[in-house]
Amino acid sequence: MNEDIKSFTISIYTENNIGLLNRISAIFQRRHINIESLTTSQSEIDGVNRFVIVVNMTETNANKIVKQIEKQVETIRAYYHTEEETIFTESCMFKIKSDLLFNEPQIQNIIKDSNTTIVTVNKEFFVLEKSGRRNEIESLRRDLNAFGIMQFVRSGRIAVTKEEMKITELLTEFNNQ
């Protein structure tokens, strides 16, 4: 049976303990699966963190990895979802020389056309922020590359599911223990 490799968003609800990130990444490493994006944050319940990991693999492997992750003591619950089942975005920032903002009208058009926000401007540089899909961010990066980017950083994916995950009841129960 030949399964297609697809992009999956894996959401992991955990306690916040030292070494957990290392153990979770080792699960992917043992299967030779590259993590495309990883974000951690507080979840909707105090004291419970959420990992959002993006990987390209088969659904069979996604299912196996989620089961392995759930065996970790600190893991409360793990899920995997396709891109069609989630609403997601990424953020990025660009640092560019200030003189270009005033001397290159094309940069002003790029900023306006891409719905990019100017975060700060000073004598030496200005900083842009953009949120959106990875292809939108990559397109903006290509456009700005022609003018010279001093610094660039992109966040990992943040995502919520379209369907209710019913995790809140489980997390509330966990938090009350």
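Residues numbered from 1 in each chain as written. Predicted model: local features only at pLDDT ≥ 70, side-chain atom pairs only at ≥ 80, totals over all residues. Heavy atoms only, no water.

Where an unreviewed UniProt entry is consulted, the protein chain appears under the name Acetolactate synthase small subunit, with the organism given as Algibacter mikhailovii. What UniProt states about the protein chain under its Sequence similarities (unreviewed entry) heading is, verbatim, "Belongs to the acetolactate synthase small subunit family." (UniProt positions renumbered as here; feature names shortened; annotations may be inferred.)

Peer 1: Would you mind going over the overall build of the protein chain with me for this structure?
Peer 2: Tallying secondary structure elements over the protein chain gives six helices and nine strands in all. Within the protein chain, the fraction of its 177 residues that count as buried is 41%. Counting every atom, the protein chain has about 10500 Å² of accessible surface; 46% of that belongs to carbon and sulfur. Looking at the protein chain, you have 22 positive and 25 negative side-chain charges, and the mean spots of the two groups are 4 Å apart. (Helix = DSSP H or I, 4+ residues; strand = E, 2+ residues; numbered from the N terminus. Buried < 20%, exposed > 50% of the residue type's maximum accessible area, 1.4 Å probe, protein only. Areas by Shrake-Rupley, 256 points an atom, 1.4 Å probe, with all protein chains shown as cover. Lys, Arg positive; Asp, Glu negative; His and termini not counted. Charge placed at Lys NZ, Arg CZ, Asp CG, Glu CD.)

Peer 1: Could you clarify how one ought to interpret the domain arrangement of the protein chain in this entry?
Peer 2: For an interface, size is often stated in terms of accessible area lost upon the parts coming together. Taken as a whole, the protein chain is organised into domain 1 (6–87 + 158–175) and domain 2 (90–154). Distance between the C-alpha centres of domain 1 and domain 2: 32 Å. (Domains from an automatic or database assignment.)

Peer 1: Which parts of the structure should I look at to understand the nonpolar core?
Peer 2: Most often, soluble globular proteins have nonpolar side chains that are buried together. Counting 17 residues, the largest nonpolar core has Ile10, Phe28, Met57 and Ile69 as the members making the most contacts within it. Of all the secondary structure elements, the ones that give two or more residues to this core are β1 (6–14), α1 (20–30), β3 (49–57) and α2 (59–70). With 14 residues, the next largest nonpolar core counts Cys92, Leu101, Ile107 and Leu128 among its residues. (Core = buried A, V, L, I, M, F, W, Y, C linked by side-chain atoms within 4.5 Å.)

Peer 1: Would you mind showing me how to read unusual backbone geometry here?
Peer 2: Leaving glycine out, the prevailing phi sign among residues is negative, and the prevailing peptide bond configuration is trans. Look at histidine 32: it is not a glycine, yet its phi comes out positive at around 60 degrees. Inspection of the secondary structure puts histidine 32 in the loop between α1 and β2 (35–42). Not every positive phi belongs to a glycine, and asparagine 115 is a case in point at roughly 55 degrees. By the secondary structure assignment, asparagine 115 is in the loop between α4 (105–113) and β6 (117–121).

Peer 1: How should the UniProt feature "domain: ACT" (unreviewed entry) in the protein chain be read in this particular structure?
Peer 2: Those residues carrying the UniProt feature "domain: ACT" (unreviewed entry) are residues 9–87 in this numbering. Summarising residues 9–87: 29% helix, 42% strand, and an end-to-end C-alpha distance of 10 Å.

Peer 1: When you look at the pairing of β6 in this model, what are you seeing that I'm missing?
Peer 2: For a regular strand, the rule is simple: side chains alternate between the two faces of the sheet. Across four bridges, β6 lies against strand β7 (residues 125–132) in antiparallel orientation. Opposite valine 121, over in β7, you have phenylalanine 126 as the bridge partner. (Pairing = 2+ DSSP bridges.)

Peer 1: Honestly, the pattern of salt bridges in this entry has me stumped. Any pointers?
Peer 2: Where charged atoms from two side chains of opposite charge approach closely, those side chains can pair. Throughout the structure, instances matching the rule amount to seven salt bridges. Two residues, glutamate 70 and arginine 77, come together in a salt bridge whose shortest N-O distance is 2.9 Å. Owing to a relative accessible area of 31%, glutamate 70 belongs among the partly exposed residues under this scheme. Given a relative accessible area of 35%, arginine 77 falls into the partly exposed group. Where salt bridges share partners, they join Glu90, Arg134, Glu138, Arg141 and Arg154 into one cluster. (Salt bridge = Lys/Arg side-chain N within 4 Å of Asp/Glu carboxyl O.)

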